[in-house]
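# Structural characterization, general
What follows is the residue order along each chain.
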Amino acid sequence: MSTGRSCQNIMLTVFTKYILAETDTLPAIGPTSLYEFVIAGNGVFVRARRCGLEAMIPVSMCEIRGLKAVKPYVRLEAGKIPLICTQVILAEFQSDLPNESLFWVRLEDKKWKVIKPRQIADENSVHPVDPFDLAGAAALLDVHSHNTMESFFSTEDDEDETGFRIFAVFGLLDTQQPCVMARLGIYGYYWHLNAGDVFILPDGVRDIVALKLEQAATLAAELEVQNEITAGCH
């Protein structure tokens, strides 16, 4: 076994725990845990805690007999990102068109602070000039834009967004109905969040997943009516 692999295994042993959900109440997350796996009656979950943010999200859903079921959760200590902060982010994203843009959101004295780091941006990507910026390391939210495209997490986003925080993407910024997609990431494991549970959204800004589901439901209803009309004509 290589020295690098040995060190990796030691790190996992020290900073990762494996919890069996044998009772209705799980033990508190260990103070030295980077993250913990919870093996529960309804699958395997991963959980983590840092100042201002605690979460547990599913890794794999399945039945494991003899253990208690658990529920995923995301807890932001300071609550949703205030409307004024969301408006500032949205306005800057729109002013930076056609380029993409990046913001970090962090807590200072239990209040949300929006930070726009020095960044390298074009129409297809955005990155901080200093990837080791301490302001970025302290951020609880990492928010970037997709200019005129819809909101989605790209393969490049998956490669970059490997820490423990909330990630969000704003898109369709050249329209009257911008959209946003949000997710919680725990070191490479992701779970979709409704953007309205993360941000207080300005009028007209929608969670893109909720919007797509509404559009699909509307289309299905229209098709059902059309089929009834067609059937009635025979």
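In short, a report on the structure.

Calculation rules
Residues numbered from 1 in each chain as written. Predicted model: local features only at pLDDT ≥ 70, side-chain atom pairs only at ≥ 80, totals over all residues. Heavy atoms only, no water. Buried < 20%, exposed > 50% of the residue type's maximum accessible area, 1.4 Å probe, protein only. Helix = DSSP H or I, 4+ residues; strand = E, 2+ residues; numbered from the N terminus. Pairing = 2+ DSSP bridges. Patch = residues over 30% accessible without salt bridge, like charges linked within 9 Å, V, L, I, M, F, W, Y side chains within 5 Å. Areas by Shrake-Rupley, 256 points an atom, 1.4 Å probe, with all protein chains shown as cover. Salt bridge = Lys/Arg side-chain N within 4 Å of Asp/Glu carboxyl O. 1 Å grid on protein atoms, 1.4 Å probe; cavity = no way out; pocket = protein on both sides within 12 Å on 5 of 7 lines; lining within 4 Å. Points joined across faces, edges and corners; volume = space filled by probe spheres on them. Nonpolar A, V, L, I, M, F, W, Y, C, P; charged D, E, K, R; others polar. Axes fitted to C-alpha atoms, helices over the stretch in contact; angles between N-to-C directions. Core = buried A, V, L, I, M, F, W, Y, C linked by side-chain atoms within 4.5 Å. Contact = heavy atoms within 4.5 Å. Expected span 1.5 Å × (residues − 1). Arc of directions from axis to C-beta.

### A look at the pairing of strand S12 (residues 179-186)
Counting buried residues along S12, eight of its eight residues qualify, which places the element largely inside the surrounding structure. Along S12, one buried face is formed by Cys179, Met181, Arg183 and Gly185 and the opposite face, lined by Val180, Ala182, Leu184 and Ile186, is buried too. Where strand S11 (residues 164-171) lies against S12, eight bridges are found, and the strand directions are antiparallel. Bridge assignment links Gly171 to a residue of S12, and that residue is Cys179. Of the strand pairs in this sheet, S12 and strand S13 (residues 189-193) are connected by five bridges, and their pairing is antiparallel. Opposite Arg183, over in S13, you have His192 as the bridge partner. Linking S12 back to S13 in an antiparallel pair, the connection comprises two residues, with Tyr187 at a positive phi of about 50 degrees.

### Regarding a nonpolar patch on the surface
A cluster of nonpolar side chains, namely Phe15, Leu34 and Tyr187, defines an oily patch on the protein surface of about 230 Å² accessible area. Position of Phe15 relative to the elements: it lies in helix H1 (residues 3-15).

### Points about the layout of surface pockets
In this structure, the largest pocket occupies an estimated 650 Å³ of space. Lining the largest pocket are 27 residues, and of these His127, Pro128, Asp142, Asp160 and Glu161 sit closest to its centre. At the level of elements, strand S6 (102-108), strand S9 (126-128), helix H3 (134-138), strand S10 (141-145), helix H4 (155-160) and S11 are the ones that each hand at least two residues to the lining of the largest pocket. By volume, the second largest pocket amounts to about 210 Å³. Lining the second largest pocket are 18 residues, and of these Thr25, Leu26, Arg47, Met56 and Tyr73 lie nearest its centre. Elements with a minimum of two residues in the lining of the second largest pocket: strand S3 (43-50), strand S4 (53-61) and strand S5 (73-76). Of the residues contributing to the lining of the second largest pocket, the split by class is nine nonpolar, two polar and seven charged.

### Observations regarding the environment of Pro31
Along the chain, the position of Pro31 falls in the loop between strand S1 (16-20) and strand S2 (35-40). Along the chain, Pro31 and Arg49 lie 18 residues apart, while their C-alpha atoms are 8.6 Å from each other.

### Overview of the pattern of salt bridges
A side chain with one charge may pair with a side chain of the opposite charge, provided their charged atoms come close. Under the criterion given, the structure shown has 12 salt bridges. Here Glu92 and Lys116 are joined by a salt bridge, their closest N and O atoms 2.8 Å apart. Of this pair, Glu92 sits in helix H2 (residues 83-95) while Lys116 is found in the loop between strand S7 (111-115) and strand S8 (119-121), placing the two residues 24 residues apart along the sequence. Under the relative-accessibility criterion, Glu92 is labelled partly exposed at 29%. Note on Lys116: relative accessible area 36%, which makes it partly exposed. Salt-bridge contacts for Asp96 lead to Lys116; the nearest nitrogen and oxygen are separated by 2.8 Å. Here the residue Asp96 occupies a position in the loop between H2 and S6, and Lys116 occupies one in the loop between S7 and S8, the gap between them amounting to 20 residues.

### Quick look at the sheet that holds S1
Judged by pairing direction, the sheet is mixed, and its five strands sit side by side in the order S1-S2-S3-S4-S5 without closing on themselves. Edge positions in the sheet fall to S1 and S5, since each of these pairs with one other strand and no more. Taken over all neighbouring pairs, the strand axes of this sheet differ in orientation by 20 degrees on average, direction set aside. Pairing of S3 with S4 involves eight bridges; the strand directions are antiparallel. Within S4, the residue paired with Arg49 across the bridge is Glu54.

### Let's talk about the nonpolar core
Counting 33 residues, the largest nonpolar core has Leu141, Val143, Phe170, Leu184, Ile186 and Phe199 as the members making the most contacts within it. Listed by contribution, the elements that provide at least two residues to this core are S2, S3, S4, H2, S6, S10, S11 and S12. Among all residues touching Leu141, those that are not within four sequence positions of it are Ile81, Phe103, Trp104, Val105, Trp112, Ile166, Val198 and Phe199.

### Quick notes on H2
Here H2 is 13 residues long and its end C-alpha atoms lie 18 Å apart, about the 18 Å a rise of 1.5 Å per residue gives. Along H2, the positions that sit buried rather than exposed are Cys85, Thr86, Ile89, Leu90 and Phe93. Buried residues in H2, looked at end-on, bunch into an arc of 130 degrees, giving them a common side.

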